[in-house]
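# Overview (structure and organization)
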Amino acid sequence: MMMGDTMGTFGSSMASLFFFWATFQQIFPDHLKIAIKDFPEYEEYRFNHAFAAIDTYLGAKAIGKAQKIRASQVKESKGLVLKRDEAKVRDVYQGVNVWWEIVTATDGDRTHKLTFHRRGLEIVTGSYIKYVMEEGKSIEAKNKKMKLFTNNPSSNWDNSKKSLWRHIDFEHPASFQTLAMDPVKKEEILNDLEAFSNGKEYYKKIGKAWKRGYLLYGPPGTGKSTMIAAMANHLNYNIYDLELTAIQNNSELRKLLTATSSRSIIVIEDIDCSVDLTGKRRKRDGDLSVKKDGEDQNQSRVTLSGLLNFIDGIWSACGQERIIIFTTNHIEKLDPALIRRGRMDMHIELSYCSFEAFKVLAKNYLDLDSHPLFGEIESLLKETKIAPADVAEKLMAKNHKVDVDGSLKDLVESLEKRKKQQRDHGDDHKKKLSGKKLRIFRELF
Ligand SMILES: Nc1ncnc2c1ncn2[C@@H]1O[C@H](COP(=O)(O)OP(=O)(O)OP(=O)(O)O)[C@@H](O)[C@H]1O
Ligand SMILES: [Mg+2]
C-alpha cells in the first residue's frame, strides 16, 4: 500500500472516531455521569490548598493538549512553567475517564468540579483524588521559587511570626556539577543528601527526627558557601541564614528556629565568630579585669550550651525535613562538644585547590578538558596552597573575552609566586621555631 493510502485510511478512521465521540457525548445520559466533588478555592475565607494542588496538576497535565497556553516564568533556571488556560480538562486514570472543570459562581468564587462515570467511583474516591493531590504538591514543590531568609534584629520583632525573618528570592547558579572538589567526596555528599531527602519512612522507622547536620570547614574561598547554595538548589530547599549576633539570648534563638519551615537549610556561618564558644575565652586571653558596663552589648549572648541544647532537644522536636549547617575557617577553635559525631552528622572539609578540582574549574570557566600547561599546573598545585576562589579568579574572562592561553599562563605565574612565598614563609616559621626552642633551652639550663 502507498503511503498516501495509509494516511487516507488513517484520516477517515479518525474522522469517524470523532463523529462517534461527538454523538456519544450527546446521547450519553446525564444520570450515568456523577459529579463527585467540588474543590472550592476558598473555604470559610481560607485559601484551600487542595484547589491549588489540583490546579497545578491539571496545568501540567494539559500541556500539549491545551489550545491556549499561558506561560509564566517562575524561575529562570527552571525554564517556563506552562499553565492550562481552558475550562475543561479530561484525564484518564487506571482506565477511568474523568473531566475537570472550573465553575465560577456569580460572586466570582471558583470551584474545581470533577465529573466521571459511576463505574469509576471506587477508583476515583479510593486513589485518584489522593494521586492528584500528591502529584500537584510535588510539582508545586519543584516549581517553587526558593527563598533566602535572614533574621531581623530582635528589636524589630512584633507578635507575628513574619517579623522574625525577612526574605528575598534565592537565585544562585551554584550546582554540584560546577563545584570544584574531590569527585569521590562530592559523590559521597550527594548520596548522603539523596538518602536524607528520600528518608521520610526510614527516619520514622528508626524513631529519629528527620534532620541532618553538616559541618563545613576549610580556609576562605574554598567553596563552603557555594556548596550550601548547591545543596539548596539540588534539594529545592529554602535557606535560613541565621545571624547569631543579631539575637540577644537562647530563647530568641528558639523562637527563630521554631519559625522555620520544613524542606529548609538553616545555616550558621563562621560559627567560631558568632557564639561565645566556651565561655572561657576572656580568661584564656589573660584578661581577668572586671567587665565594664555595656562592654558585652555588641557581643552575641547566645551561648554554646544554648546552641547544643537546641541541637539535642528543641531541634529534634520542631518540625521535620530540615538540615542544619555550620561553617568555620578554624575547626581547631571549635569546642569538641559542638562538633562531636551525632550532633553534626557529617564533617565536610573544603580544602585548597587540587588538580582534580582545577579540572572542574577549567571546564566551567574555559570549557577545557586538556591543555599543554595542565602538567605544569598539576605539579605546582601539589606544592602550593591556593583556594579555588583564587584559581577561579585567574580563569575568569577578562573584559568578557575568554583567553585560554593567557588565563593559564597567568595562573602558572601566580602559582610560582605563591610557591616561593609559601616556601620563604615556611623557612621563616622554622627559624622562629628554632629560636623559640633555643630560648626554652636557655631558660631551662
Ligand atoms: N570549590 C569551589 N568550586 C567552584 N567555585 C568555587 C569553589 N570555591 C570557591 N569558588 C568560587 O569562589 C567564590 C568564593 O567561594 P565561597 O564564598 O564559596 O568560599 P567560602 O569557603 O565560603 O569562603 P569563606 O570562608 O570566606 O566564607 C565563589 O563564588 C566561587 O565562584
Ligand atoms: Mg563563605
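Preceding this section is the structure that the text describes.
What comes next concerns the included structure. Computed from a prediction, not measured in an experiment: that's the story for all the values here.

On to the overall build of the protein chain, then. Helix and strand counts for the protein chain come out as 15 helices and 15 strands. The buried share among the 445 residues of the protein chain stands at 37%. Summarising the internal contacts of the protein chain: among those between residues at least 6 apart in sequence, 71% fall at separations of at least 24.

As a further point, take the sheet that holds strand E12 (residues 238-241). Overall, mixed pairing links the seven strands, which are arranged E10-E9-E12-E13-E14-E11-E15 in an open sheet. Each edge of the open sheet is held by one strand with a lone partner, namely strand E10 (165-169) and strand E15 (346-349). Pairs of neighbouring strands in the sheet enclose a mean axial angle of 20°, with direction left out of account. Where strand E11 (residues 211-217) meets E15, four bridges bridge the pair, whose relative direction is parallel. The partner of Tyr 217 across the bridge, within E15, is Glu 349. The strands that helix H6 (residues 224-235) touches are E11, E12, strand E13 (264-268), strand E14 (322-328) and E15; relative to E14, the one it contacts most, it runs at about 170°.

Take the pattern of salt bridges next. Across all of its chains, the model carries 12 salt bridges by this definition. As a salt-bridge pair, Arg 263 and Glu 321 come within 3.2 Å of each other at their nearest N and O atoms. Taken together, the residues span a long stretch of sequence, with Arg 263 in the loop between helix H7 (250-258) and E13 and Glu 321 in the loop between helix H10 (304-317) and E14 at a distance of 58 residues. A residue is classified by how much of its surface remains accessible, and Arg 263, at 25% relative accessible area, is partly exposed. If you follow the salt bridges from partner to partner, you end up with Asp 192, Arg 212 and Asp 345 in one network.

Moving on to the site of ligand 1. What surrounds ligand 1 is a group of 15 residues, the closest being Ala 180, Gly 221, Lys 224, Thr 226 and Asn 329. The backbone of Thr 222 places a nitrogen or oxygen atom 3.2 Å from an oxygen atom of ligand 1. About the coverage of ligand 1: the protein hides 73% of its 630 Å² of free accessible area. Of all the secondary structure elements, the ones that give two or more residues to the shell around ligand 1 are H6, helix H12 (355-366) and helix H14 (388-395). Grouping the amino acids of the shell around ligand 1 by side-chain chemistry returns seven nonpolar, seven polar and one charged.

This part covers unusual backbone geometry. Despite not being glycine, Asn 236 shows a phi value in the positive range, around 60°. Note on placement: Asn 236 falls in the loop between H6 and E12. In this structure, Asp 270 is a non-glycine residue whose phi angle is positive, near 45°. Residue position: Asp 270 is located in the loop between E13 and helix H8 (271-274). Here Asp 270 falls in the partly exposed class, since its relative accessible area comes to 33%.

Here we come to the packing of aromatic side chains. For the coordinates displayed, the defined rule picks out 14 aromatic pairs. Between Trp 100 and Tyr 128, the ring centres sit 6.4 Å apart and the planes meet at 40°, which makes this aromatic pair tilted. Residue Trp 100 is located in strand E7 (residues 96-104), and its partner Tyr 128 is located in helix H3 (residues 121-143); the two are separated by 28 residues in the primary sequence. Each of the two residues, Trp 100 as well as Tyr 128, counts as buried. On the numbers, 5.1 Å between centres and 75° between planes, the contact of Phe 358 with Phe 374 is edge-to-face. Pair noted here: Phe 358 is in helix H12 and Phe 374 is in helix H13 (residues 374-383), with a separation of 16 residues, a long-range link. Among the aromatic residues, those joined into a ring-pair cluster are Phe 39, Tyr 57, Tyr 93, Trp 100, Tyr 128 and Tyr 131.

Quick notes on the rules
Residues numbered from 1 in each chain as written. Chains lettered and ligands numbered in written order. Predicted model: local features only at pLDDT ≥ 70, side-chain atom pairs only at ≥ 80, totals over all residues. Heavy atoms only, no water. Helix = DSSP H or I, 4+ residues; strand = E, 2+ residues; numbered from the N terminus. Buried < 20%, exposed > 50% of the residue type's maximum accessible area, 1.4 Å probe, protein only. Contact = heavy atoms within 4.5 Å. Pairing = 2+ DSSP bridges. Axes fitted to C-alpha atoms, helices over the stretch in contact; angles between N-to-C directions. Salt bridge = Lys/Arg side-chain N within 4 Å of Asp/Glu carboxyl O. Near = heavy atom within 4 Å. Polar contact = N/O pair within 3.5 Å; in protein donor to acceptor, adjacent residues only side chain to side chain. Areas by Shrake-Rupley, 256 points an atom, 1.4 Å probe, with all protein chains shown as cover. Nonpolar A, V, L, I, M, F, W, Y, C, P; charged D, E, K, R; others polar. Phe/Tyr/Trp six-rings, centres within 6.5 Å; stacked < 30°, edge-to-face > 60°.

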